[in-house]
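Structure at a glance
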Amino acid sequence: MGRGVIINYKYDAFPEGTAVLDVERGQLGEIRPLFWQTDTSICRRSWCNIKNHDYKSPEHIIRQLVDIVSKNGCLLLNVAPRADGTIPEEQQEILLKIGSWLSHYGEAIYGTRPWVTYKEGPTDFPAGSFVDGQEIEFTSRDIRFTQKGDYLYAIFMNSQEENQLVIESLGADKPYSQDIKDVEFLPQGEKFS
């Protein structure tokens, strides 16, 4: 009693604004003003426990999470437990790595909103349903943005290539340029590789 509920839908099953759009095993290509959700699995080929799983890497799932949140969405991640309810060790390892990353960088995810643009850089996930299984090679120029209050978060999708990180979107001659008062790095933790 007294609890709010939501209805999720796919494609155009409900009128815009009456329920939460769900993009199965994929994502949108732009910021959506209305909140939306992606549901996907830790496994590439199945929603349930099967032999010889093909697991997504933790880095792939983290990048997907960052991309989705930067576009005003959330990620519902399915795990595939055994018949007795236990989660296979390989899946536990993936979840622990995602959790470790979030323990360091979750500030840029939890409670954030999209910024005026969701990205900078040449690389993007494909838009649509059933397109999230392929690993994407990001560059050090690929950035996703989120914001919370007066804070802008720039999440580099692959910062391993170079020692210098550049955010061109904030340049003085850019349409998104802002009066920057301070720059901080979040505590170092799990990195994208």
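Residues numbered from 1 in each chain as written. Predicted model: local features only at pLDDT ≥ 70, side-chain atom pairs only at ≥ 80, totals over all residues. Heavy atoms only, no water.

Structural notes on the pattern of salt bridges
The cut-off we apply is this: Any Lys or Arg side-chain nitrogen located within 4 Å of an Asp or Glu carboxyl oxygen qualifies as a salt bridge. Each helix corresponds to a stretch of at least 4 residues labelled H or I by DSSP, and each strand to a stretch of at least 2 residues labelled E; elements are numbered beginning at the N terminus. Accessible area is worked out with a 1.4 Å probe on protein chains only. A residue is then buried under 20% of its type maximum, exposed over 50%, and partly exposed in between.
Counted under the stated rule, the structure contains eleven salt bridges. Ionic pairing is found between Glu24 and Lys10, a salt bridge with its closest N-O pair at 2.5 Å. Here Lys10 lies in the loop between strand S1 (8-9) and strand S2 (20-24) and Glu24 lies in strand S2, a separation of 14 residues in the sequence. With its nearest N and O atoms 2.8 Å apart, the salt bridge here joins Glu16 to Arg32. In this pair, Glu16 is assigned in the loop between S1 and S2 and Arg32 in the loop between S2 and strand S3 (36-41), connecting sequence segments 16 residues apart. Residue classification places Glu16 among the exposed residues on the basis of a relative accessible area of 57%. Here Arg32 falls in the buried class, since its relative accessible area comes to 9%.

Topic: the packing of helix H1 (residues 58-70) against helix H2 (residues 89-105)
Between two packed helices, the angle of one axis relative to the other and the distance separating the axes together describe the packing. Stated formally: All axes here are fitted lines through C-alpha atoms, helices being fitted over the stretch that makes contact, and every angle between N-to-C directions spans 0 to 180 degrees. Note on terminology: angles under 35 degrees are roughly parallel, angles over 145 are roughly antiparallel, angles of 65 to 115 are roughly perpendicular, and the others are oblique. For a crossing to be left-handed, the near helix must be turned anticlockwise from the far one by less than a right angle; the clockwise case is right-handed. The contact criterion used throughout is that any non-hydrogen atoms of two residues lie within 4.5 Å. Here the nonpolar group is Ala, Val, Leu, Ile, Met, Phe, Trp, Tyr, Cys and Pro; Asp, Glu, Lys and Arg are the charged ones; every other residue, Gly included, is treated as polar.
Here H1 crosses H2 at 45°, and the two axes come no closer than 9 Å. Considered as vectors, H1 and H2 are oriented oblique to each other. Handedness of the crossing formed by H1 with H2: right-handed. Residues Pro58, Ile61, Ile62, Leu65 and Val66 of H1 form the contact with H2, whose own contacting residues are Ile94, Lys97, Ile98, Trp101 and Leu102. Broken down by class, the residue content of the contact of H1 with H2 amounts to nine nonpolar, no polar and one charged.

Details of unusual backbone geometry
Note: most residues except glycine have negative phi, and most peptide bonds are trans. For Arg25, which is not glycine, the phi dihedral falls at a positive 50°. The topology assignment puts Arg25 in the loop between S2 and S3. For Arg25, a relative accessible area of 8% corresponds to the buried category. Not every positive phi belongs to a glycine, and Asn72 is a case in point at roughly 75°. Structurally, the position occupied by Asn72 is in the loop between H1 and strand S4 (73-78).

Focus on the nonpolar core
Worth spelling out the cut-off: Here, the term nonpolar core denotes a set of buried Ala, Val, Leu, Ile, Met, Phe, Trp, Tyr and Cys residues that are joined through side-chain atoms within 4.5 Å.
Grouped together as the largest cluster of nonpolar side chains are 30 residues, with contacts concentrated most on Val66, Trp101 and Ile109. When residues of this core are traced back to their parent elements, those giving at least two are S2, H1, H2 and strand S7 (151-156). Here this core takes six residues from H1, the largest share from any one element. Grouped together as the second largest cluster of nonpolar side chains are five residues, Trp115, Ile143, Phe156 and Leu170 included.

Focus: the pairing of S4
For the record, the criterion: Two strands form a pair only when DSSP identifies at least two bridges running between them. Assignment of crossover handedness uses the view with strands pointing away from the viewer, where a clockwise path from the first strand over the helix to the second indicates a right-handed crossover.
In terms of strand pairing, S3 meets S4 through six bridges, oriented parallel. Bridging from a neighbouring strand, Trp36 pairs with Gly73 of S4. As a crossover connection, the stretch from S3 through H1 into S4 is right-handed.

A short note on the sheet that holds S4
With parallel pairing, four strands are arranged side by side in an open sheet as S1-S2-S3-S4. The open sheet has two free edges, formed respectively by S1 and S4, since each of these has just one partner strand. On top of the sheet, H1 reaches S3 and S4; it is set at about 150° to S4, its chief contact.

Quick word on the environment of Thr18
Definition in use: Polar contact is defined as a pair of N or O atoms within 3.5 Å, subject to the rule that within protein one atom must be able to donate a hydrogen and the other to accept it, and that residues adjacent in sequence are counted only when both atoms are side-chain atoms.
Here Thr18 lies in the loop between S1 and S2. When the C-alpha atoms of Thr18 and Asn8 are compared, they prove to be 9.4 Å apart, with ten residues separating the residues in sequence. Within the structure, Thr18 has its side chain in polar contact with the backbone oxygen of Pro15 (distance 2.6 Å).

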